[in-house]
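If you want the building blocks of each chain, they are given just below.
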Amino acid sequence: MNRLSISDKLALDKFEVDEGVPHININNDLCKTCVSKNCLRVCPAGLYSEQDSGIIVEWAGCLECGTCRAVCSQGALDWKYPRGGFGIIYRQG
Ligand code: SF4
């Protein structure tokens, strides 16, 4: 039996995107005071990036692990689970 890689497993997941209602909001005024910017390194889905406008997160692909909220040293994230019926649907546990 072939074992699936993590990337293969993630590709099987389904996302019900709550268009226009992000469940992660970033206070970039606080991000500007952050030296470590841990969010850029810890997200297993690689959803964070730094642009001219500041830190952005492609929240629609969120795995809802909560790691970014746990490591943000500035308290810059307003993070909550998506509304019921939205977000990730895991298909491989
Ligand atoms: Fe990435 Fe997890 Fe944060 Fe979602 S909750 S943005 S997957 S670190």
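Residues numbered from 1 in each chain as written. Predicted model: local features only at pLDDT ≥ 70, side-chain atom pairs only at ≥ 80, totals over all residues. Heavy atoms only, no water.

*Asks:* Any details on the overall build of the protein? Residues and values, ideally.
*Replies:* If you tally the helices and strands in the protein, you get four helices and six strands. In terms of overall dimensions, the protein has C-alpha extents of about 50 × 30 × 25 Å along its principal axes. Put simply, of all contacts in the protein between residues at least 6 apart along the chain, 69% involve residues at least 24 apart. Counting only carbon and sulfur atoms, one obtains 51% of the accessible surface of the protein, whose full area is about 6300 Å². (Helix = DSSP H or I, 4+ residues; strand = E, 2+ residues; numbered from the N terminus. Contact = heavy atoms within 4.5 Å. Areas by Shrake-Rupley, 256 points an atom, 1.4 Å probe, with all protein chains shown as cover.)

*Asks:* Explain the site of the ligand to me, and be specific about the residues and the numbers.
*Replies:* Neighbouring the ligand are 13 residues; Cys43, Cys62, Cys65, Gly66 and Cys68 lie closest to it. Class assignment for the residues of the shell around the ligand results in 10 nonpolar, two polar and one charged. (Near = heavy atom within 4 Å. Nonpolar A, V, L, I, M, F, W, Y, C, P; charged D, E, K, R; others polar.)

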